[in-house]
Amino acid sequence: MSRIAVLKGGRSLERQVSLKSGARVQDALERLGHAIVPIDVGADLVDRLTAEVPELAFVALHGRDGEDGTVQELLQVMGIPHTGSGVSACIRTADKVLAKHAMRDAGIPTPDFFAFSETAFRELGAAQALPAIEQRLQFPIVVKPAGQGSALGIKFARTPSDVPGALIAAFSYDRKVLLERYVPGRDLAVSIIDEGGAARALPIVEAVPQQEDFYDFESRYEIGRTRFVCPAALNDQVAERAAAIALEVYALLGLSGFARVDLMLESGTDELYVLEADAIPGLTETSLLPQAADAAGIGFDELIGRIVEAAGALTPELRG
Amino acid sequence: MSGPAGRAGPPSRRPRSTARDIERYGALFAERTKVMKSSAMRDLMALTERDDVISLAGGLPDTSTFPADSYASLMSTVAANSCARALQYGPTEGLAVVKRCIVEVMRTEGIEVDEDEVLVTTGGQQVIDLVCKTLLDPGDVVVCEAPTYPGAVPTFCAYQANVVQVTMDRDGMRVWELETTLDELERAGHTPKFIYTVPNFHNPAGVTLSLERRHELVRIASERELLVLEDNPYGLLRYEGAPLPSLRSLDEEFIIYAGTFSKILSPGVRLGWTTAPAPVLAKMNLGKQASDLCSSSISQYFVSAYFESPEPPSWEEYVRSLIEIYRRRRDVMLDALAEHFPREAEWTHPQGGLFIWATLPDYIDTTDLLARGLEEHVAFVPGRAAYVDGRGGSSMRLNFSGVGVDDIREGIKRLGEVVREQVELYGTLTGAAPKPTPRRDPVGDPVRADPPPRTADESANILHLRRKRA
């Protein structure tokens, strides 16, 4: 039995999702016989951790501070081992622009994109480059903030006149945004867990939105809004290719413990493109990682047990 | 939830749902839950409750103004005089002691009713629910204002209403558009089950239905034999101008009236009421019985004790004190808007109530702006919450009653800075200095002082007959 602090909530825009993830994790850890210290992360985090002296921190935070390396850095300074990826992997993954550049440099397929900071528009005249970008990416163009999970702030620009509004929306969430080629097709998620020191891809989940034309924030977390198919109905060759690409991304970004990689299977071409990776995927009732684990015969408690085990096996120095 | 910190919880707890459960429960949900939308906005709104956020998002009266001593003394009176009865169930239609108070409040509003014409409800919200429950089959049409009370939207959705929204200007619902809409509906074979309106200091729009339009609305309802749900939570909170007659006082036949103690005393007592044509009221009574048997007896005795108490403040004095406080807060917010919001923004000037409705240029989406606002520790309600069809994306509801004047100034200043930033950025992105958007009515449509000429072409332009299964 270990004394485990479950870090949840926090101040990010994904607080509610994190509270749901955290609650499920707590229940599972209790059933596994661990002593739990639930912490809603706030200004007193360091004080709480100092007072409680946990042997391990289970990071069930999503979004800013929780998933971008900030909390991980604090935990490492305090010498508290934690679940999931280390600081640099979190930084690389949470910033979609960094992650996509890394992928592109490594030859991993990701939709063509351009990224700009607000300063580039305000001070460097980046707006002048928009027509060229639009011509290169072709409409519709996906506009999204660099550092936000859960599809918050993601807009589709269908015409040139949609682009400024979409950029302003994305800049509401982050100082850096990216414009990305829209890949029509099927939305696939490959969840990965560490098993015996090696990364293992779980059965692929396909998310099929029931109403909206876009797999949006709402449908991602609401029962009945999205139909999940797991394992996704894919031919073996495509499924294997998707898993291989996801594992490559996992290794490239230095992820550890568990993660999820989102891909699009382009209709018409059957090409696979990596949209993004998620260093701390959701653990709610409707989240994709628990569903994938379930399809592989790994129940939620066992999944959480394995994540804890993987964290124990890694010293901070060994993490990315 | 877990056990106490540091201790293992009971080991026998069943796991929360698995993927298979999701499929299973998904199949069990009623059809109407598919239209009961959760939203990104809801998760963002949860963040507005953080202590460090200046929230202009709530619809909250300032209950800190109620003297704690009075509360204690009133509860003692209830304990001394009515303990057993207060702890007991009561009649579905409400206790006579509280109906007397309701009759008194309605008289102050200029409406004469008898106690037996009143159904006591659990807040004004229950009136909306009961009206829907009593009148609506799935797909039935409800006509309401655009924007409409955000809290009514989920209720309409839950009853699978087909919601048609009629636009407003500074004088409230455009009744000529209502008529055109009703004609259109009739041609399509639809008769609305009711028209929902907040005539006084509209939530969220802040505007008030003019006297002329009140008469028109009552005439339309009467001629077409349509029910109107008049929701009047704020009528007594008037900060300027002369009171206007309620629809209920102009017509008894087709008006369902909803009142509440929430804004003149406390939303915590969860007490509202309705009067309606007798057959409708009888059905609503049955509906209430099925919902909750009766409203809280404790609350009803508390309200009764408050109205009967000889100790100051009387309920009228308390309302007058609220008016003084809220008027000042409204003025501070209006001044702050004028000082900090860019010229591209517009807003309403409410004569009472709790809300100002601001509209930004259409390239700013206020749901996304809320995320930015939260970073600056300030919150509001994005306008989209007040529509069923995705409109309202560049508007916002600002509440001035629930926060102090310093926070109002600071909150509007921070919001103004963010909006200015975005307006400037738009100018940069489009390669031109931002131009003021065409002069619009603050509620959202082109300003038009008088009813437009009813030529066929013009009607086509102004009629926004957007219907959507809610």
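This text follows the structure it describes.
The structure reproduced in this document is the subject of the present report.

Calculation notes
- Residues numbered from 1 in each chain as written.
- Chains lettered and ligands numbered in written order.
- Predicted model: local features only at pLDDT ≥ 70, side-chain atom pairs only at ≥ 80, totals over all residues.
- Pairing = 2+ DSSP bridges.
- Helix = DSSP H or I, 4+ residues; strand = E, 2+ residues; numbered from the N terminus.
- Axes fitted to C-alpha atoms, helices over the stretch in contact; angles between N-to-C directions.
- Contact = placed C-beta atoms within 7 Å.
- Buried ≥ 20, exposed ≤ 12 C-beta atoms within 10 Å, placed from the backbone.

## Let's talk about the sheet that holds strand β14 (residues 395-399) of chain B
All names here are of chain B.
Then, number 1: Spatial strand order, β10-β11-β14-β13: four strands in an open sheet with antiparallel pairing. With one partner strand each, in any of the chains shown, β10 (346-347) and β13 (381-382) form the two edges of the open sheet.
Then, number 2: Where β10 meets strand β11 (residues 355-359), two bridges bridge the pair, whose relative direction is antiparallel. In the sheet register, Glu346 faces β11, and the bridge partner there is Thr359.

## A short note on the sheet that holds strand β3 (residues 56-59) of chain A
All names here are of chain A.
Then, number 1: Strand order in the open sheet formed by three strands is β2-β1-β3, and the pairing between neighbours is parallel. The strands lining the two open edges of the sheet, one partner per strand, are β2 (35-40) and β3. Each strand of the sheet is rotated relative to its neighbour by a mean of 25°, with strand direction disregarded.
Then, number 2: As paired strands, strand β1 (residues 3-8) and β2 are joined by six bridges and run parallel to one another. Each bridged residue has a counterpart across the sheet, and for Val6 the counterpart in β2 is Pro38.
Then, number 3: Each of β1, β2 and β3 touches helix α1 (residues 15-31); the most contacted strand, β1, lies at about 165° to it.

## Observations regarding unusual backbone geometry
Leaving glycine aside, a negative phi is the common case for residues, and trans is the common case for peptide bonds.
Then, number 1: Between Cys230(A) and the following residue, Pro231(A), the backbone shows a cis peptide bond with an omega angle of -5°.
Then, number 2: Among the structural elements, Pro231(A) can be located in the loop between β11 (226-229) and α10 (236-253).
Then, number 3: With an omega of 5°, the peptide bond between Ala146(B) and Pro147(B) qualifies as cis.
Then, number 4: Among the structural elements, Pro147(B) can be located in the loop between β3 (141-146) and α6 (152-158).
Then, number 5: One non-glycine residue, Gln160(B), lies in positive phi territory at about 55°.
Then, number 6: Inspection of the secondary structure assignment puts Gln160(B) in the loop between α6 and β4 (162-169).
Then, number 7: In the Ramachandran plot, Phe201(B) falls in the positive-phi region, its phi being about 50° despite a non-glycine side chain.
Then, number 8: Residue Phe201(B) is classed as buried on the basis of its 26 C-beta neighbours within 10 Å.

Don't take any of this as a statement about function, it's just geometry.
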